[in-house]
Amino acid sequence: MIEQLSIFMQNKEGHLSKVLRILSEDDINIQSLTISETGEYGIMRLIVSETEKAMTALKSNRVLCNITPVFAVSIPNRPGAMLQFVDLLSSKDLSIEYAYSYPSTNDAISVIVFKIDRKKWTNVEEILQNFENASLLDQESLLKL
Amino acid sequence: MYWNKPYECMPREQLEQLQSKRLVKLVERLYHNVPFYRTKLQERGLDPHHIKGLEDLNRLPFTRKTDLRDNYPYGLFAEPINNIVRIHASSGTTGKPTVVGYTRNDLNNWSEIAARCLMAASATKNSMIQNAYGYGLFTGGLGIHGGAEKLGASIIPVSSGNTEKQLMLMKDFHTTHITCTPSYALYLAESLKTYGIAISDLQLKAGIFGAEPWSEKMREEIEKRLHIKAYDIYGLSEICGPGVGIECVEQKGMHIWEDQFLMEIIDPVTEESLPLNTMGELVITTLTKEGIPLLRYRTGDRTMIMDELCPCGRTHRKIQRLVGRTDDMIIVRGVNVFPTQIESVLISTGHVTANYQLIVKREGILDKLEVRVELNEDQAIDSLEDLNAIERKILQKIHGVLGIQVKLTLLEPGTLQRSEGKAQRLIDLRNI
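Residues numbered from 1 in each chain as written. Chains lettered and ligands numbered in written order. Predicted model: local features only at pLDDT ≥ 70, side-chain atom pairs only at ≥ 80, totals over all residues.

Caption draft 1: Local environment of the overall build of chain A. The secondary structure content of chain A amounts to 5 helices and 7 strands. Ordered by position in the sequence, the α and β elements of chain A form the string β-α-β-β-α-β-α-β-β-α-β-α. Rg of the C-alpha trace for chain A: 16 Å, near the compact-globule value of 15 Å for 145 residues, within the 12% margin. Here the C-alpha coordinates of chain A stretch approximately 45 × 30 × 25 Å along the principal axes. Across the 145 residues that make up chain A, the buried fraction comes to 23%. Intrachain contacts of chain A at a sequence separation of at least 6 include 68% that bridge at least 24 residues. (Helix = DSSP H or I, 4+ residues; strand = E, 2+ residues; numbered from the N terminus. Rg over C-alpha atoms; globule rule 2.2 N^0.38 Å. Buried ≥ 20, exposed ≤ 12 C-beta atoms within 10 Å, placed from the backbone. Contact = placed C-beta atoms within 7 Å.)

Quick look at the structure:
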């Protein structure tokens, strides 16, 4: 299980830099970042070097943020590997709410962060245990990549 | 607990006799001392001996806020200026302020009713009252101040603003009662965390909040966050300032001090008197004021006089919590809405705070309302779908309760400007 920060922002000039400044001032490194947005709002999802510390800093600056539990999986870095992984989840009736890739310095693997319905978490671990082409990563190993 | 039991619990019959007597004297005084009223009475073919008591009230002319402005600054004063010991004035955002003058007796009467109010709202001579209403031309600060001194409580005349200092004093001076606007009370509550103060560090028991309309939900929110009882106080500068009325510990309507103020509810359009328990505009005649007494002053406040005996024992009748002033009313596609009604719905959804702003625009011939409100800091939001779900829920509730369609904009916590006095809830861009 990976702790991801989900941050609500108004889609307005200066709001992104406010959040980034808070993190930077507390010496927190951003490992991955995605933003989904509408004209009015944005949701930023971050994986950072120190989640708790980041939460405290953001909260004390009244940034609306939460920790969302997500999974990170390492799969082979080759065509079709992601498809195979997704098909596996689908075949077990698990659907992905969202997913994004996480940077890795190892050319042999790709790292995918994904979120699925909270009620089906336990299934994920079971399913992936017996699947040779994907392995779940914990927070510590993810940050070391 | 009463400050002045003989007056506060005076039998109705006796109270009405007193009102009658005072009304007759008032008309006499106005006729002789204020040319404006003499002309108005003469226009109606009245002179003082026509007015024999309460039964003649509806023969008397109304006074409007514009009358105070038109007679700026001293035109409606009923005493020579050397008998005036203090002057207050409204903020007057447009043009000249409205000016009110107090004689020595006026100040005594004012502090008398303010003391009654404080005591009705649980303060005693042992209380430590932190008065965060503004001191100055605004009546809030000095009005409460006079009442607290009369009561013999300890008063901290901190005035408005400087939130960090407010909280420091609240903690270090063991404040038991705080007086300010409800929106500022909420801001104090949300600032506790910022300055590292816990509720358990405070001795706060109650708050006396007024000077702006607020909803029952807002009360619940303030009470929950500050662990206090929150009482609504009524006043308006034209009449004297805070202290015209107050909620007692029952917290169901505000007692108006009827020995000093004669109240009526009228239909704002036809100007006809309305019966008890009927919503309309509150009209007040000042029975004891010397400096600037007013006949049938149209307050613009919408409320009703409640037809019930209060278990607290006071015989002075109550008005219902104010939904707002007529000036604040918005008409969205024919539906009348007050900001406090929207406030109530917003808070009840549990997703957003009481920090909100309403923006009214005109598009074609229709008024469009945008509701801007800050999300609760502990909202779990991980996706745009989460936001959509919150938006849908709030919009449905606003539509269900108030029957209007609005545009909703969710804001980050802490982004709307906080007010140290009256919060500006309504931004009107209609240019009517």
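Moving on from the coordinates now.
Caption draft 2: Summary view of the overall build of chain B. Across its full length, chain B holds 11 helices and 21 strands. Its C-alpha radius of gyration of 22 Å places chain B within 12% of the 22 Å reference for a compact globule of 432 residues. Across its three principal axes, chain B shows a C-alpha extent of roughly 75 × 55 × 40 Å. Per-residue burial over chain B gives 46% buried out of 432 residues.

Caption draft 3: Molecular detail of the sheet that holds strand β15 (residues 324-325) of chain B. Residue and element names in this part refer to chain B. Strand order in the open sheet formed by 4 strands is β10-β11-β12-β15, with antiparallel pairing between adjacent strands. What marks the edges here is a single partner per strand, and that holds for β10 (261-266) and β15. Relative to strand β11 (residues 280-286), β10 runs antiparallel, the two being bridged by 6 bridges. Bridge pairing in β11 links Ile 265 to Leu 282. (Pairing = 2+ DSSP bridges.)

Caption draft 4: A look at the packing of helix α10 (residues 339-349) of chain B against helix α11 (residues 384-402) of chain B. Residues and elements named next belong to chain B. Interhelical geometry of α10 versus α11 gives an angle of 135° and a closest axis separation of 10 Å. Viewed along their axes, α10 and α11 adopt a mutual orientation that is oblique. Considering the relative orientation of α10 and α11, their crossing is right-handed. Residue-level contacts link Gln 341, Ile 342, Val 345, Leu 346 and Thr 349 of α10 to Lys 393, Ile 394, Lys 397, Ile 398, Val 401 and Leu 402 of α11. (Axes fitted to C-alpha atoms, helices over the stretch in contact; angles between N-to-C directions. Parallel < 35°, antiparallel > 145°, perpendicular 65-115°, else oblique. Left-handed = near helix turned anticlockwise from the far one by under 90°.)

Caption draft 5: Broad picture of the domain arrangement of chain A. Residues and elements named next belong to chain A. When cut into domains, chain A gives domain 1 (2-67) and domain 2 (69-144). The C-alpha centroid of domain 2 is placed 23 Å from the C-alpha centroid of domain 1. Taken together, the residues of the side of domain 1 that touches domain 2 break down into 2 nonpolar, 5 polar and 1 charged. (Domains from an automatic or database assignment. Nonpolar A, V, L, I, M, F, W, Y, C, P; charged D, E, K, R; others polar.)

Caption draft 6: Examining the environment of B:Phe261 more closely. Tracing the sequence through the fold places B:Phe261 in strand β10. Along the backbone, B:Phe261 and B:Lys224 are 37 residues apart, and their C-alpha atoms lie at a distance of 34 Å.

Caption draft 7: Spatial organisation of the interface of chain B and chain A. Listed by partner, the interface residues are 15 residues for chain B and 14 residues for chain A. Those elements that place two or more of their residues in the side of chain B that touches chain A are α11 and β20 (407-411) of chain B. With 3 residues, β20(B) is the single largest residue contributor to the side of chain B that touches chain A. Partitioning the side of chain B that touches chain A into residue classes produces 8 nonpolar, 4 polar and 3 charged.

Caption draft 8: The domain arrangement of chain B, seen in detail. Residues and elements named next belong to chain B. What the domain assignment lists for chain B is domain 1 (1-326) and domain 2 (329-428). Going through the elements one at a time, α8 (182-194) and α9 (216-226) are the ones with two or more residues in the side of domain 1 that touches domain 2. Taken together, the residues that form the side of domain 1 that touches domain 2 break down as 8 nonpolar, 8 polar and 4 charged.

Caption draft 9: Region of the structure containing the nonpolar core. Within the largest apolar cluster, 136 residues are counted, with the highest numbers of intra-cluster contacts made by A:Ile7, B:Leu118, B:Ala121, B:Ala185 and B:Ile246. Not counting chain neighbours up to four residues away, the residues in contact with B:Ala121 comprise B:Ala206, B:Ile208, B:Tyr231, B:Ile246 and B:Glu247. (Core = buried A, V, L, I, M, F, W, Y, C linked by C-beta atoms within 7 Å.)

Caption draft 10: Focus on the pairing of strand β3 (residues 128-131) of chain B. Residues and elements named next belong to chain B. Where burial is concerned, the two faces of β3 agree: the one with Met 128 and Gln 130 and the one with Ile 129 and Asn 131 are both buried. With 3 bridges joining them, β3 and strand β5 (residues 177-180) adopt parallel strand pairing. Across the sheet, the residue bridging to Gln 130 is Ile 178, located in β5.

Caption draft 11: Spotlight on unusual backbone geometry. At the junction of B:Tyr72 and B:Pro73, the peptide bond is cis and its omega measures out at -10° in the coordinates. Within the element layout of this structure, B:Pro73 appears in the loop between α4 (65-70) and β1 (86-89). In this model, A:Arg62 sits at a positive phi of 60°, which is unusual for a non-glycine residue. By the secondary structure assignment, A:Arg62 is in the loop between α2 (51-60) and β4 (65-76).

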